[in-house]
Amino acid sequence: MTASYEVRGEIAVITLNNPPVNGLGFETRRATAEGIARAEADAAVQAVLITGAGKAFSGGADIREFGSPKAMAEPNLPSLIAVVENCSKPVVAAIHSVCMGGGLELALGCHYRVAAPGAKIALPEVKLGLLPGAGGTQRLPRALGVEPALNMIVSGEPVASELLAQVPGQKLFQKIIEGDLLAGAIAFAQEVAAQRPLPKVRELRARHAEPQAFFQFARNMVGAQSRNFPAPLRCLEAVAASVFSKSFEEGIRVEREGFAALMQTPESKALRHAFFAERAASKIGDVPEDTPQRPIAKVAVIGAGTMGGGIAMNFLNAGLPVTLLETKQEALDRGIATIRKNYEAQVKKGKLKEDKYQQRMALLSSTLSYEDIREADLVIEAVFEELSVKEAVFKQLDAVMKPGAILATNTSTLDVNRIAAFTQRPQDVLGLHFFSPANVMKLLEVVRGEHTAKDVLATVMALAKKIKKTAVVSGVCDGFIGNRMIEQYSRQAGFLLDEGCTPQQVDRAVEQFGFAMGPFRMGDLAGNDIGWAIRKRRYVEKPHLRYSASADRLCELGRFGQKTGAGWYDYQPGKREAIPSPVVEALLSKHREAIGAKPRAISDEEIVQRLVFALVNEAAHLLEEGIAQRASDVDMVYLTGYGFPLWRGGPMCYADTVGLFNVVQAMQRFARNPADDAAFWEPAPLIKRLLAEGKSFT
Ligand code: NAI
């Protein structure tokens, strides 16, 4: 069923019914248009009600139709809205729960709208780099007023129905109905059944007292806030057309042109890619969606250091009780004090209410004894990164935890399969790799061990949603998806220094490309000693791999980054501003002399390509090895964990935008550079195959 039709007394009720959110797919549109036709033909019907079954009035376009011809099959949304608007009997939208995008545009085509309080009303198209393309930019300013409509369309954020009903002079909602919406809406429809002419939003005027000045001001504001994203300004121009155009139709033309232009922008393609990538990432190929889940009501975290505290906060925020376990009382006290400090900072900034803070702290307990955590459903270990320490912890956990408890490690470099083997229950063990700061960063790498049970995976994927993380599944390997790729990126960054770049030149180029932070500022933030430790291991394990030794020289000076007041940059006490360092400049000159390198000028374009294509090539290996499930998962890792620019859609989406042919051409060019590493630039077999088959990653 896609939309049902019934007659209640004199009122025809069309109920959109296309779970989960009554997306306006082809069948639903057709059934709705048919319902209007039936109501027209039935002399006994005096008015029509459109409402939604289940959890929504309508969430808008059916995302399953995105990009398929069905999306525009007639009746397309504008045609359906015309059918509704031209109905000779009054049509009332009865709105509840969610009314977004095309759903709101449909409602705006109705003659009247009534709503339950608390319904989320939005035109979120801008979040996909688009604008509302079925009259929303023309009708919402007419119904709600220009300023509030502009806010909604440019931000895409939902506003509660009862708040919108309070906007002075608004004609969006004729009534807010407390209690039984359907009964109230039917009563309303009966009241207005005989009124003529039928009110149409398109016939209202979109007015503003000072339209020229207002839109100029808004252009400046929106332009400044939406760098790299063309959609918000296009939205603004469409809304301006609702005021300045001679007719409704002319405004609609501006809207259509804007929509068509935005559809073609790489930014919108990237945003739509990211939207679908996020949904795809939550699915695991061989774990069916109806896999039973283990109940998670209590969580324990082992280790209350940098990561443990942040990890605990995620669960407290979601209302789950957490017990922190440490070896020493001081460590516990320190960990809890940090959690408090974090929450208090949020309270100070007005981001968290005092009572919420107290509620969260009340969910937190601490202990030095494993006896106190044995009933936990999930344990996350975040102790020192040493296999022997992990071994002791997992043996303890195996001895005390109740059967079926999920045992997770937050390790960033150790072998999850070896950790699982410390227990008699490897099926219950997996990696949950949080990123620092763990209470802030969206990314969660779910590391699937050789024996991890499917219901364990299903459980943590659902739990990740609950704690508002973007979970991406990774197989077991050194560095998992994100860090294994970043190592290649860092190696290239080192080669760039050898060849003559300064850290600030590399960082600037990468930041102009859109990364939140360049590799050297990032190193200073995370601590250069981490990479040093990894390199020392690599020199032994993989002596054939080349690394620039400049970072080793830096670490030998104790320049670990912000925490030591000096790294690739200098820092003033207590400040985070990265100041180019004469010490580093001298160090690099000396290093280049030592390796016999002649510095040359390197373009920003080359810098960016070498770093980003290094990520892409390693990701292609990860895909081939089955460590990453899909290219779009890699993009989610980089968008949510590594500050990759959203409007470029992630490294794989970016490579596709550049074109794999051009990517390989560039890699071959880099391989010919004697100062670079030819072996580094050997394209991964997957890239060669895709290229030969004329395919792309995404
Ligand atoms: P940390 O040194 O800040 O905290 C470790 C805590 O574990 C300390 O408070 C220590 O007292 C406690 N601890 C040590 N042995 C213990 C034991 N046997 N039982 C109970 N508690 C014990 O370390 P951090 O940075 O929080 O790292 C923890 C884990 O998270 C490591 O495996 C690390 O690789 C991983 N990780 C770290 C990230 C980071 O950015 N710091 C990012 C992602 C993962």
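All values reported here derive from a predicted model rather than from experimental measurement.

**Q** Where do I start with helix α12 (residues 306-317) in this structure?
**A** Since there are 3.6 residues in each turn of an α-helix, residues three or four apart along the chain are aligned in direction. End to end, α12 covers 17 Å across twelve residues, agreeing with the expected 16 Å (1.5 Å per residue, within 8%). Counted residue by residue, α12 has ten buried out of twelve residues, so it is predominantly covered. Residues of α12 that are buried include every one of Met-307, Gly-308, Gly-309, Gly-310, Ile-311, Ala-312, Met-313, Asn-314, Phe-315 and Leu-316, and no others. Taken from the residues just after α12, Gly-319 is the one with a positive phi, measuring 85°.

**Q** Which parts of the structure should I look at to understand the pairing of strand β10 (residues 299-302)?
**A** Consecutive side chains along a regular strand alternate between the two faces of the sheet. Alternating positions in β10 separate into two faces, Val-299 and Val-301 on one and Ala-300 and Ile-302 on the other, with burial throughout. Relative to strand β11 (residues 322-325), β10 runs parallel, the two sharing four bridges. Bridging across to β11, Ile-302 finds its partner in Leu-325. In the classification by handedness, the crossover that spans β10, the intervening α12 and the parallel β11 is right-handed.

**Q** Can you help me understand the nonpolar core in this one?
**A** Note that soluble globular proteins tend to have their nonpolar side chains buried in a common cluster. By size, the foremost hydrophobic cluster in this structure holds 203 residues, and its most contacted members are Leu-49, Val-92, Val-379 and Val-446. Looking at this core element by element, the count peaks at eleven residues for helix α24 (residues 604-624). Residues in contact with Leu-49, not counting those within four places in the same chain, are Ile-11, Ala-12, Val-13, Ile-14, Val-92, Ala-94, Ala-185, Ile-186 and Ala-189.

**Q** Before we go on, may I ask you to explain the site of the ligand in this structure?
**A** Around the ligand, the structure places 24 residues, and the nearest of them are Gly-303, Gly-305, Thr-306, Met-307 and Ser-436. If you list the elements that add at least two residues to the shell around the ligand, you get α12 and α15 (387-400). Tallied by class, residues from the shell around the ligand come to 13 nonpolar, nine polar and two charged.

**Q** I keep staring at the environment of Asp-676 and nothing clicks. Help me out?
**A** Mapped onto the elements of the fold, Asp-676 is located in the loop between α27 (660-672) and α28 (685-692). The exposure class assigned to Asp-676 is partly exposed, which follows from the 19 C-beta atoms found within 10 Å. As a C-alpha pair, Asp-676 and Glu-191 span 485 residues in sequence and 78 Å in three-dimensional space. Each residue touching Asp-676, except ones within four places of it in the same chain, is listed here: Phe-495, Phe-670, Ala-671 and Trp-681.

**Q** Where do I start with the domain arrangement of the protein chain in this structure?
**A** Interface size is often expressed as the accessible area that is lost when the parts come together. Examined at the domain level, the protein chain breaks down into domain 1 (3-262), domain 2 (299-474) and domain 3 (482-693). For domain 1 and domain 3, the distance between their C-alpha centres works out to 47 Å.

**Q** Can you help me understand the sheet that holds strand β8 (residues 159-160) in this one?
**A** Strand pairing within a sheet occurs via backbone hydrogen bonds; the two strands may be parallel or antiparallel. The sheet built from three strands is open, its strands ordered β5-β7-β8 with mixed pairing. Of all the strands in the sheet, the pair left with one neighbour each is β5 (98-100) and β8. Most of the contacts of helix α3 (residues 102-109) go to β5, to which it runs at about 85°, and overall it touches β5 and β7 (120-122).

**Q** I would appreciate a short explanation of the sheet that holds strand β1 (residues 3-8) in the present structure.
**A** Spatially, six strands are ordered β1-β2-β3-β4-β6-β9 in an open sheet, and the strand pairing comes out mixed. The sheet is open, and its two edges are formed by β1 and β9 (175-176), each paired on a single side. Relative to β9, strand β6 (residues 112-115) is paired through two bridges, and the arrangement is parallel. Residue Val-114 lies in a different strand from β9, and its bridge partner there is Lys-175. Where helix α7 (residues 181-192) meets the sheet, its contacts fall on β1, β2 (11-16), β3 (47-52), β4 (91-95), β6 and β9, and the angle it forms with β3 comes to roughly 155°.

**Q** Sorry if this is basic, but what is going on with the packing of helix α19 (residues 503-513) against helix α20 (residues 519-526) here?
**A** What describes two packed helices is the angle between their axes and the distance between those same axes. Where α19 contacts α20, the two axes come as close as 7 Å, and the packing angle between them is 105°. In terms of axis orientation, α19 runs roughly perpendicular to α20. Where α19 abuts α20, its residues Pro-503, Val-506, Asp-507 and Val-510 lie against Pro-519, Phe-520 and Arg-521.

**Q** Would you mind showing me how to read unusual backbone geometry here?
**A** Generally, phi is negative for residues other than glycine and the peptide bonds are trans, each holding for most cases. A cis amide bond, omega 0°, links Glu-74 with the succeeding residue Pro-75. Tracing the chain through its elements places Pro-75 in the loop between β3 and α2 (77-85). Each neighbour pair has its own omega, and for Arg-196 with Pro-197 the value is -5°, a cis peptide bond. Summarising the element assignment, Pro-197 is placed in the loop between α7 and α8 (211-225). In this structure, Lys-468 is a non-glycine residue whose phi angle is positive, near 60°. Residue placement: Lys-468 occurs in the loop between α17 (454-466) and β17 (470-474). Residue Lys-468 is classed as exposed on the basis of its 11 C-beta neighbours within 10 Å.

**Q** I'm lost on helix α21 (residues 528-541) in this one. Help?
**A** If you check α21, its first and last C-alpha atoms are 20 Å apart, about what 14 residues at 1.5 Å a residue would give, namely 20 Å. On its buried face, α21 sits against α18 (480-499), α20 and α22 (550-556).

**Q** Please explain the UniProt feature "domain: 3-hydroxyacyl-CoA dehydrogenase C-terminal" (unreviewed entry) in the protein chain as it appears in this structure.
**A** Within this structure's numbering, the places UniProt gives as "domain: 3-hydroxyacyl-CoA dehydrogenase C-terminal" (unreviewed entry) are residues 479-571 and 607-695. Secondary structure across residues 479-571 comprises 65% helix and 2% strand; the distance between its end C-alpha atoms is 29 Å. Note that residues 607-695 is 65% helix and 0% strand, and that its end C-alpha atoms are spaced 26 Å apart.

**Q** Explanation requested: the environment of Ser-79 in the structure shown.
**A** Mapped onto the elements of the fold, Ser-79 is located in helix α2. Judged by local crowding, Ser-79 falls into the partly exposed class, with 15 C-beta atoms found within 10 Å. For the pair formed by Ser-79 and Ala-134, sequence separation is 55 residues and the distance between their alpha carbons is 9.0 Å.

Criteria and cut-off values
Residues numbered from 1 in each chain as written. Predicted model: local features only at pLDDT ≥ 70, side-chain atom pairs only at ≥ 80, totals over all residues. Helix = DSSP H or I, 4+ residues; strand = E, 2+ residues; numbered from the N terminus. Expected span 1.5 Å × (residues − 1). Buried ≥ 20, exposed ≤ 12 C-beta atoms within 10 Å, placed from the backbone. Pairing = 2+ DSSP bridges. Right-handed = clockwise from strand over helix to strand, strands pointing away. Core = buried A, V, L, I, M, F, W, Y, C linked by C-beta atoms within 7 Å. Contact = placed C-beta atoms within 7 Å. Near = placed C-beta within 6 Å. Nonpolar A, V, L, I, M, F, W, Y, C, P; charged D, E, K, R; others polar. Domains from an automatic or database assignment. Axes fitted to C-alpha atoms, helices over the stretch in contact; angles between N-to-C directions. Parallel < 35°, antiparallel > 145°, perpendicular 65-115°, else oblique. UniProt positions renumbered as here; feature names shortened; annotations may be inferred.

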